[in-house]
Amino acid sequence: MINFKFPTIVGGKMGDTMTVLSFSNWKEKLKMICYLPFSNKSLKYFPPDFSLRDPIVSILQQYRRQGGNCGLLLFYMEDFHHLFATYPHSFIQNLQQHIRITMREVIPTFFKKQDILGIKQFGGEDFCIFIKEHQGFTYDEMHRKSILLRNELERRLRLPARFHEEASYTFQVGCYMINQDIENTKAAIHSAYHYAHSIATKKLPPHFTKSRQHLVDIIQTENISVLTQPIMNLNTGEIFGWEILTRGPHNTPFHSPIELFDFAYQADLLSKMEFLVIKKAFNEIAVRQIREQVFINITPVTLCHPLFLNELLDVMSQHPEVSPSQIVLEITERHAIRNFDYMGHLLTKYRSHGFRFAVDDAGAGYSSLQTISELVPDIIKIDRSLIQNIDKFEVKQSLLRAMLHFAENINCQVIAEGVERQEEADVLYEMQVQMGQGFYFARPEPFIANQDRTQQFRLVKEKIRGNRQVYSA
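Report follows, based on the coordinates. (Residues numbered from 1 in each chain as written. Predicted model: local features only at pLDDT ≥ 70, side-chain atom pairs only at ≥ 80, totals over all residues. Heavy atoms only, no water.)

**Remarks on the overall build of the chain**
The cut-off we apply is this: Numbered from the N terminus, helices here are DSSP runs of H or I no shorter than four residues, and strands are runs of E no shorter than two. Categorising residues by exposure relies on relative accessible area from a 1.4 Å probe, with only protein chains included: less than 20% of the type maximum marks a residue as buried, more than 50% marks it as exposed, and the intermediate range marks it as partly exposed.
When you go through the chain residue by residue, the secondary structure sums to 18 helices and twelve strands. In the chain, which comprises 473 residues, the share counted as buried stands at 49%.

This is how it looks when you write it as structure tokens:
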């Protein structure tokens, strides 16, 4: 609790007057510090930093509770730190105040007063305008107006009589749409500011906001499809398991899994996307009554997410016909593991529920070998770069032989990925590799299409058995 000591009342008219004025000043300061959004609407324009309750947050929170979306226009002042190091602090303060005044003069040219939710300065160089969603309000229109506003702001700041004869100030623009995908308003503002600043400073491309919203829509509508590719047992010719592969919507930049997951990581949506893949995969397993092993790719980022295990167990509870021992979580090399001790502890927790683990892309680099040695997975998947044209390079055969010996010592099964040619398969048979996966056996398809290819798999099975007999003789 804060205790404020007010002046004592002294006798006489002058003392009474001074006391009233002092009390009035304290009252105004206390009102500013403990600001409530309904007490002074003018505080939505550059509220003071010493407010205990940020009026911009309060206004946006009330607006978002009514279901409204809004836009953030960020104007990043270039070379601010150079100015800060060159000019005295009083000059910087006057400059910032002048920019704030000029912005308030310029904004009505481009936006109606009732559409402005607030204006806020972040740090010394970022000036942000929050705009209500209104008729004709789109990202493209918001970006167009922000460019026009920036040009006018720079033009006025160049006028010598306005502030400083020799100064020329430039701004970069970043725009972002604040939707309802983040419930907490403070967190939504922080996220929007982060992305808008990254766009303004060219760490992210200008189209990032539209692309991220597209990805949010894909996740919310669950507009992805899962394919399956069989993993063949090279001893028996039977299907050992299925790898779940993901595709985004057709005829979009996100149809490719590389684009889909790389951008999801950049947009901080990777875990949400991988949660969705888990949900889709389990539904496919249950509906198609898959009884073989199912491999589901998972990044270390999502595996370490504090809610992922609960999410996984919740999906399991909705599909009691699916056994945890069927599920092989395939750790991809898309993102590095930073703490192997912590990851090992996590894997122990997952394994206690019956899940198993595979390491993907083994042989592609040092990191995958470190992952294997630190985590000791149940299955090692040999990277396609080692399998491709293995019949033509003895060094690749030597590396594969070493990997097989290593896997045997740590009691791991081995799957060779990317098998595309008969000659590559022949080397795998000869070296007694346990399992293979690739276009030579089958391409990724919806599972129902794979089920309909019984004749094709019968031929593959006969081919595998025939080759085994050749190399066993």
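Don't stop here, the text continues.
**Structural notes on the packing of aromatic side chains**
The geometry of an aromatic ring pair is captured by the separation of the ring centres together with the interplanar angle, meaning the angle of the planes. Inclusion rule: Pairing of aromatic rings covers Phe, Tyr and Trp, the last through its six-membered ring, and needs centres within 6.5 Å; plane angles under 30 degrees mean stacked, over 60 mean edge-to-face, and all others mean tilted.
Taken as a whole and judged by the stated rule, the model has 13 aromatic pairs. Ring plane angle 45 degrees and centroid distance 5.4 Å describe the contact between Phe254 and Phe263, whose orientation is recorded as tilted. For the residue pair Phe254 and Phe263, the accessibility class agrees, reading buried in each case. Aromatic rings pair up to connect Tyr176, Tyr195, Phe208, Phe254 and Phe263 into one cluster.

**Points about the side chain of Asp426**
How we decide: Definition of a polar contact: a pair of N or O atoms within 3.5 Å, with one able to donate and the other able to accept a hydrogen when the atoms are protein atoms, and with sequence-neighbouring residues admitted only if both atoms are side-chain atoms.
Structurally, the position occupied by Asp426 is in helix α16 (residues 422-430). At 2.7 Å, the side chain of Asp426 forms a polar contact with the side chain of Gln422.

**A short note on a nonpolar patch on the surface**
Heads up, the rule is: Here, patches come from residues exposed beyond 30% relative accessible area and free of salt bridges, joined within 9 Å for like charges and within 5 Å for nonpolar side chains (Val, Leu, Ile, Met, Phe, Trp, Tyr). Computed with a 1.4 Å probe, the accessible areas rest on the Shrake-Rupley method; for each residue, only the protein chains presented here act as cover. Salt bridge, as applied in this entry: a Lys or Arg side-chain nitrogen positioned within 4 Å of an Asp or Glu carboxyl oxygen.
There is a patch of nonpolar side chains on the surface, built from Phe393, Val395 and Leu399 and spanning about 280 Å² of accessible area. Turning to its location among the elements, Val395 is positioned in helix α15 (residues 394-409). The exposed category is assigned to Val395, whose relative accessible area is 55%.

**A short note on the packing of helix α7 (residues 208-221) against helix α9 (residues 270-288)**
Our working definition: Working convention: axes come from line fits to C-alpha atoms, limited for helices to the stretch in contact. Angles between N-to-C directions cover 0 to 180 degrees. Angular relationships are summarised with four words: roughly parallel below 35 degrees, roughly antiparallel beyond 145, roughly perpendicular across 65 to 115, and oblique for the angles in between. The handedness criterion is simple: a crossing whose near helix is rotated anticlockwise from the far helix by less than a right angle is left-handed, and one whose near helix is rotated clockwise is right-handed. We call two residues contacting when some pair of their heavy atoms lies within 4.5 Å.
For the pair α7 and α9, the least separation of the axes is 10 Å and the interaxial angle reads 30 degrees. As summarised for this structure, α7 and α9 are arranged roughly parallel, according to the angle between their axes. The crossing of α7 and α9 is left-handed. Contact residues: Leu215, Ile218 and Ile219 in α7; Lys272, Met273 and Leu276 in α9.

**Some points on the sheet that holds strand β2 (residues 116-122)**
Two strands in a sheet stick together by hydrogen bonds in their backbones, pointing the same way (parallel) or opposite ways (antiparallel). We count it as follows: Two strands are counted as paired when DSSP detects at least two bridges linking them.
Read from one edge of the open sheet, four strands run β2-β3-β1-β4, paired in antiparallel fashion. Each edge of the sheet is formed by a strand with only one pairing partner; in this case those strands are β2 and β4 (171-178). Between one strand axis and the next, the sheet turns by 15 degrees as a mean value, whatever way the strands run. The sheet contact formed by strand β1 (residues 70-77) and strand β3 (residues 126-132) spans seven bridges and is antiparallel. Each bridged residue has a counterpart across the sheet, and for Gly71 the counterpart in β3 is Ile131. Its contacts with the sheet place helix α4 (residues 89-106) against β1, β2, β3 and β4, and it is angled at close to 25 degrees to β3. Contacts from helix α5 (residues 139-158) reach β1, β3 and β4 within the one sheet, and its direction differs from that of β4 by about 150 degrees.

**Comments concerning the pairing of strand β6 (residues 239-247)**
The element β6 is largely enclosed, with a buried count of eight among its nine residues. Where strand β5 (residues 225-233) lies against β6, eight bridges are found, and the strand directions are antiparallel. Bridge pairing in β6 places Ile231 opposite Gly241. As paired strands, β6 and strand β7 (residues 293-298) are joined by four bridges and run parallel to one another. Paired with Glu243 across the strands is Phe295, a residue of β7.

**Here's the deal with the nonpolar core**
Soluble globular proteins tend to bury their nonpolar side chains together. Stated precisely, the cut-off is as follows: Among buried residues, the Ala, Val, Leu, Ile, Met, Phe, Trp, Tyr and Cys ones that are joined through side-chain atoms within 4.5 Å form a nonpolar core.
Phe130, Leu303 and Tyr350 are the most contacted members of the largest nonpolar core, which totals 74 residues. Top element by residues in this core is α9. It accounts for ten residues. Sequence-distant contacts of Tyr350, that is, excluding residues within four places in its chain, are made with Leu303, Phe308, Leu309, Leu312, Leu329, Phe355 and Phe357. Core analysis: the second largest hydrophobic core is formed by 31 residues, Leu73, Phe91, Phe110 and Ile116 among them.

**Some points on the sheet that holds β7**
Ordered by their spatial adjacency, eight strands build a closed barrel running β5-β6-β7-β8-β9-β10-β11-β12, and the pairing between neighbours is mixed. With four bridges connecting them, strand β8 (residues 327-331) and strand β9 (residues 356-362) associate as parallel partners. Paired with Val328 across the two strands is Arg356, which belongs to β9.

**Things to note about the pairing of β7**
In terms of burial, β7 is a largely internal element, five of the six residues being buried. As defined by bridge partners, β7 adjoins β8 across five bridges and the pair is classed as parallel. Paired with Ile296 across the strands is Leu329, a residue of β8.

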